[in-house]
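Letter by letter, the chains look like this.
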Amino acid sequence: MHCTRLRTFHWLTWLVIGLMIAMIVSLVLMYILPVDLSVFIIPLATISYLLIPLILIYMILSIVVVKVKGWLERYLDAMVEQKTGSGETSAKMAVMNKRLEDMERQLDHIEEILVKVSE
């Protein structure tokens, strides 16, 4: 996994990761040390019991909203395209833009390889 993907995690993902790490560390410390850490484990378990379903609901709702938004944008674009009749021109432009983006990505990749080779 690339480090850039780790930096782009959503804050809810980091919250869940932090809760899980805190619970695992407290369980390991409880196993290793003779100290009773149930004071830490029980609140963490309660918090995660309450937060994880809320986080999952939020994530599902955000996915649904993004999908509906994308569908509405495509639908409205098709409606505007029908009214203006310039669908063929805009389709050609979209294909050209896509090709240019692909070429730029390839050039960036080649540039990264050349920088690595020069080092």
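Notes on the overall build of the protein
- What the protein contains, in helices and strands, is four helices and zero strands.
- Starting at the N terminus and walking to the C terminus, you meet the elements of the protein as α-α-α-α.
- The 119 residues of the protein split such that 8% are buried.
- Summing over all exposed atoms, the protein offers an accessible surface of approximately 10600 Å²; the carbon and sulfur share of this is 72%.

What about the packing of aromatic side chains?
- All told, the structure shown has one aromatic pair when counted by the stated rule.
- Judged by centre distance (5.6 Å) and plane angle (10°), the rings of W71 and Y75 are stacked. Note that W71 and Y75 are positioned in helix α3 (residues 38-84) at a spacing of four residues, about one turn of the helix.

Topic: a negative patch on the surface
- There is a patch of like negative charges on the surface, built from E101, E104, D108, E111 and E112.
- E112 gets classed as partly exposed once you look at its relative accessible area, which sits at 47%.

Looking at a nonpolar patch on the surface
- Together, W14, I17, M20, I21, I24, V25, V28, L29, Y31, I32 and L33 make up an exposed nonpolar region whose accessible area comes to about 1100 Å².
- Tracing the backbone through its elements, the reader meets I21 in helix α2 (residues 11-32).

Some remarks on the pattern of salt bridges
- Applying the stated criterion across every chain, the model contains three salt bridges.
- Residues E73 and K69 are paired through a salt bridge, measuring 3.6 Å at the closest nitrogen-oxygen approach. Of this pair, E73 and K69 both sit in helix α3, four residues apart, which is roughly one turn of the helix.
- Several salt bridges converge on common partners, so that one network encompasses K98, D102 and R105.

A word on the confidence of the model for the protein
- Confidence in the prediction for the protein averages 78 pLDDT; 85% of positions are at 70 or higher.
- Taking the mean pLDDT of every element in the protein, the minimum, 59, falls on helix α1 (residues 3-7) and the maximum, 83, on helix α4 (residues 87-118).

Calculation criteria
- Residues numbered from 1 in each chain as written.
- Predicted model: local features only at pLDDT ≥ 70, side-chain atom pairs only at ≥ 80, totals over all residues.
- Heavy atoms only, no water.
- Helix = DSSP H or I, 4+ residues; strand = E, 2+ residues; numbered from the N terminus.
- Buried < 20%, exposed > 50% of the residue type's maximum accessible area, 1.4 Å probe, protein only.
- Areas by Shrake-Rupley, 256 points an atom, 1.4 Å probe, with all protein chains shown as cover.
- Phe/Tyr/Trp six-rings, centres within 6.5 Å; stacked < 30°, edge-to-face > 60°.
- Patch = residues over 30% accessible without salt bridge, like charges linked within 9 Å, V, L, I, M, F, W, Y side chains within 5 Å.
- Salt bridge = Lys/Arg side-chain N within 4 Å of Asp/Glu carboxyl O.
- Lys, Arg positive; Asp, Glu negative; His and termini not counted.
- Charge placed at Lys NZ, Arg CZ, Asp CG, Glu CD.
- pLDDT = per-residue confidence, 0-100.

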